Amino acid sequence: MNMLNQKARQLKQGAIRAMFDRAAGMEGVISLGIGEPDMPTPALICQAGMEALERGETHYTPNAGTVELRRAIAEKSYLAPLGYDPAGEIIVTCGGMGALSLLFLVLLEEGDEVLIQDPQWLNHAAQVRYCGGVPVRVPTRAAAGFSMEREAVERLVTARTKAILINSPNNPTGAVMSKEALKEIAAVARRRDLLVISDEVYSTLLYGQASHISIASLPGMRERTVVINSFSKAYAMTGWRVGYAAGPAEIIDRMVKCQENFSACVNAPGQHAAAAALDHPELATGLRDIFARRREALLSELARIPGICCAPPAGAFYAFADISAFGMSSETFCRQLLEQERVVCIPGSAFGQCGEGYIRIGYAAGEDRLREAVRRMARFCESRDNQSR
Ligand code: PLP
């Protein structure tokens, strides 16, 4: 007897998890596949969480999140200039993923299309599918910095298109959309009356001259954008599961009702910890600086490997390296790299067809391990070169 519904039967393990499963049980593996900061949550934030527990803050909170945290997001986060109303335009969710899933649940009718760039982190498309929607992949080009281009988007808009999802800084490419690129997407959204879902969970992780611009800040966009963010990446708080969405009141209101029915709220001490984090933006800057050093180390080591070509990523903690010179699929490259040298990277093809020929290298590992992993990678590439000669 199969009790599962059709949707559940079709659920598959993502390609990132599959790489980890392959590595499980192997000795001496260095993982550059991980999508989370490896450092502990800053002590000050943990302290705020512990104090909340000691005060007895162990109960349900309002479904939209504590008033304190919603107010902090409205007044102290980078969204403050947009003047979101904490009483109706912000919801605190179980990480960015919780915000995205609630949004797709309240947004999508069967068959509604959501434009998502290719390559892109896997969960967006998986969630859209599970909520009855159709993810439509928008091809991007390395030459355009893997940013969505207006013509490519416009070509794919149909009568069923409901939203465009953007993610800058991007997972897996590390690309940051320029103001010009954002303006183009905004123009399409306004002209075709589409919602924009802007996943900004890496907004604090920027390098060099890059700066974060939320598409919601562009003219006429606040009312048609839902911004998704989270404390996971900015403050090394992945396990606390605190994120949020900010957007039009009628959408947020339905997300709150949905959260009421499914999970009630985010854990109370975590919300107190997150509110404390917003009082200390220097903690996010400190983490960013650590990643900036690792990024430098990674890029300079990679530059020494003949055949690997890697444009410097402007944000997040991923490099998207071109390995097409080795004449094998990104899946084969990553599998052999793991078997031969015990290093985990994620095949670009896992993120969509346009990711083929690339691998995602995460630099959320410590600098020593990072250097050792790249040394192993260099040895692997040399052995491939020798074989093909
Ligand atoms: N969005 C992107 C692009 C991500 O890469 C991730 C996590 O890897 C998330 C959202 C969700 O993060 P969380 O649910 O931990 O906030």
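Description of the structure in this document. Keep in mind the model is a prediction, meaning the values are calculated, not measured. Counting from 1, residues in each chain are numbered in the order their sequence is written. Local features in this predicted model are restricted to residues of pLDDT 70 or higher, and side-chain atom pairs are both shown and tallied only at a pLDDT of 80 or more, whereas totals for entire chains, interfaces and linings draw on every residue. Side-chain descriptors were evaluated using all non-hydrogen atoms of the structure, hydrogens and water having been removed beforehand.

**Quick word on the nonpolar core**
We call a set of buried residues a nonpolar core when its members are Ala, Val, Leu, Ile, Met, Phe, Trp, Tyr or Cys and they connect through side-chain atoms within 4.5 Å of each other. When accessible area is computed with a 1.4 Å probe and restricted to protein chains, residues below 20% of their type maximum are described as buried, those above 50% as exposed, and intermediate ones as partly exposed. Leu32, Ile308, Phe333, Cys345, Ile361 and Met377 are the most contacted members of the largest nonpolar core, which has 49 residues in total. Where helices and strands are cited, they refer to DSSP runs of H or I of at least four residues and of E of at least two residues respectively, numbered from the N terminus. Residue contributions to this core peak at 6 residues, all from helix α13 (residues 367-388). The contacts of phenylalanine 333, once residues within four sequence positions are left out, are Ile323, Phe326, Met328, Ile359, Phe380 and Cys381. By size, the runner-up hydrophobic cluster in this structure holds 28 residues, among which are Ala72, Ile73, Val92 and Met237. Here, residues are in contact when the closest pair of their heavy atoms is within 4.5 Å.

**Overview of the site of the ligand**
Taken together, 13 residues are adjacent to the ligand, and Gly96, Asp199, Ser230, Ser232 and Lys233 come closest. The separation between an oxygen atom of the ligand and a polar side-chain atom of lysine 233 is 2.6 Å. Identification of polar contacts relies on pairs of N or O atoms within 3.5 Å, with a donor-acceptor requirement for protein atoms, meaning one able to donate a hydrogen and the other able to accept it, and with residues adjacent in sequence counted only if both atoms are side-chain atoms. With respect to the ligand, the side chain of arginine 241 contributes an N or O atom lying 2.8 Å from an oxygen atom. Contact with the protein chains removes 95% of the 390 Å² of surface that the ligand exposes when unbound. Sort the elements by how many residues they give to the shell around the ligand and helix α5 (residues 95-107) lands first, with 3 residues. Asp, Glu, Lys and Arg are counted as charged, while Ala, Val, Leu, Ile, Met, Phe, Trp, Tyr, Cys and Pro are counted as nonpolar; the rest, among them Gly, fall into the polar class. Classifying every residue of the shell around the ligand gives 4 nonpolar, 6 polar and 3 charged. Proximity criterion: a residue is near a molecule or strand once any of its heavy atoms comes within 4 Å of it. What sets the accessible areas is the Shrake-Rupley method with a 1.4 Å probe; for residues, cover comes only from the shown protein chains.

**What about the packing of aromatic side chains?**
Here a pair means two rings of Phe, Tyr or Trp (six-membered ring of Trp) with centres within 6.5 Å. Their orientation is stacked below 30 degrees between planes, edge-to-face above 60, and tilted elsewhere. Applying the stated criterion across every chain, the model contains 13 aromatic pairs. Ring centres of phenylalanine 146 and phenylalanine 320 lie 5.5 Å apart, and the angle between their planes is 80°; this geometry places the pair in the edge-to-face category. Placement of phenylalanine 146 in the loop between β4 (134-139) and α7 (150-156) and of phenylalanine 320 in strand β9 (residues 318-322) is noted, with a sequence separation of 174 residues between them. Note on accessibility: phenylalanine 146 and phenylalanine 320 belong to one class, buried.

**Some details on the packing of helix α4 (residues 67-76) against helix α10 (residues 268-278)**
Two numbers describe how α4 lies on α10: the axes approach to 9 Å, and their chain directions differ by 20°. Judged on the interaxial angle alone, α10 and α4 are roughly parallel. Considering the relative orientation of α4 and α10, their crossing is left-handed. Residue-level inspection shows Glu68, Leu69, Ala72, Ile73 and Lys76 of α4 in contact with α10, the latter providing Gln271, His272, Ala274, Ala275 and Leu278. Among the residues making up the contact of α4 with α10, the classes are represented as 6 nonpolar, 2 polar and 2 charged. For helices, the axis comes from a line fit to the C-alpha atoms of the stretch in contact; other axes are also lines fit to C-alpha atoms, and the angle between any two N-to-C directions lies between 0 and 180 degrees. Between 65 and 115 degrees an angle is taken as roughly perpendicular, under 35 as roughly parallel, over 145 as roughly antiparallel, and anywhere else as oblique. Should the near helix be turned anticlockwise from the far one by less than a right angle, the crossing is termed left-handed; should it be turned clockwise, right-handed.

**Focus: the sheet that holds strand β11 (residues 346-347)**
Whenever strands of a sheet pair, they do so through backbone hydrogen bonds, lying parallel or antiparallel. Strand order in the open sheet formed by 3 strands is β9-β12-β11, and the pairing between neighbours is antiparallel. Because the sheet does not close on itself, it has two edges, and the strands there are β9 and β11. Pairing of β9 with strand β12 (residues 358-362) involves 5 bridges; the strand directions are antiparallel. If you follow tyrosine 318 over to β12, its bridge partner there is glycine 362. Pairs of strands are assigned from DSSP output, requiring at least two bridges between the strands.

**A few points about the environment of alanine 378**
One can find alanine 378 in helix α13. Alanine 378 sits in the partly exposed class, given a relative accessible area of 28%. Taking C-alpha positions, alanine 378 is 33 Å from lysine 12, a pair spaced 366 residues apart along the chain.

**Here we look at the side chain of glutamate 341**
Its location among the elements puts glutamate 341 in helix α12 (residues 330-341). A distance of 2.6 Å separates polar atoms of two side chains, one belonging to glutamate 341 and the other to arginine 379. Filtering out sequence-adjacent residues up to four positions away, glutamate 341 remains in contact with Gln336, Arg376, Arg379 and Phe380.

**Focus: the side chain of serine 232**
Turning to its location among the elements, serine 232 is positioned in the loop between β7 (225-230) and β8 (243-246). The class for serine 232 is buried, based on a relative accessible area of 5%. Residues contacting serine 232, with those up to four places away along its chain left out, are Pro37, Met237, Thr238, Arg241 and Val242.

**Thoughts on helix α9 (residues 249-262)**
Residue count minus one, scaled by 1.5 Å, sets the expected span of a helix. For α9, spanning 14 residues, the distance from its first C-alpha to its last is 20 Å, which sits close to the expected 20 Å at 1.5 Å a residue. Among the residues of α9, Ile251, Ile252, Met255, Val256, Cys258 and Gln259 are the ones counted as buried. Along the axis of α9, the buried residues cluster in a sector spanning 165°; they form a single face. In this structure, α9 carries Glu250 and Asn261 as exposed residues pointing more than 90 degrees from its buried face. In this fold, the buried residues of α9 make contact with β2 (90-93), α5, β6 (195-199), β7 and β8. Working note: the arc is built from the helix axis to C-beta atom directions.

**What about the pairing of strand β3 (residues 113-118)?**
Most of β3 sits out of view: 6 of its 6 residues are buried. As defined by bridge partners, β3 adjoins β4 across 6 bridges and the pair is classed as parallel. Within β4, the position partnered with glutamine 117 by the bridge is valine 138. Throughout, right-handed denotes a crossover for which the path from the first strand over the helix to the second runs clockwise when the strands point away from the viewer. Read from β3 through helix α6 (residues 123-130) to β4, the crossover connection turns out right-handed. For β3 and strand β5 (residues 161-167), the ladder comprises 4 bridges, and the chain directions are parallel. Each residue of the ladder has a partner; that of valine 114, found in β5, is alanine 163.

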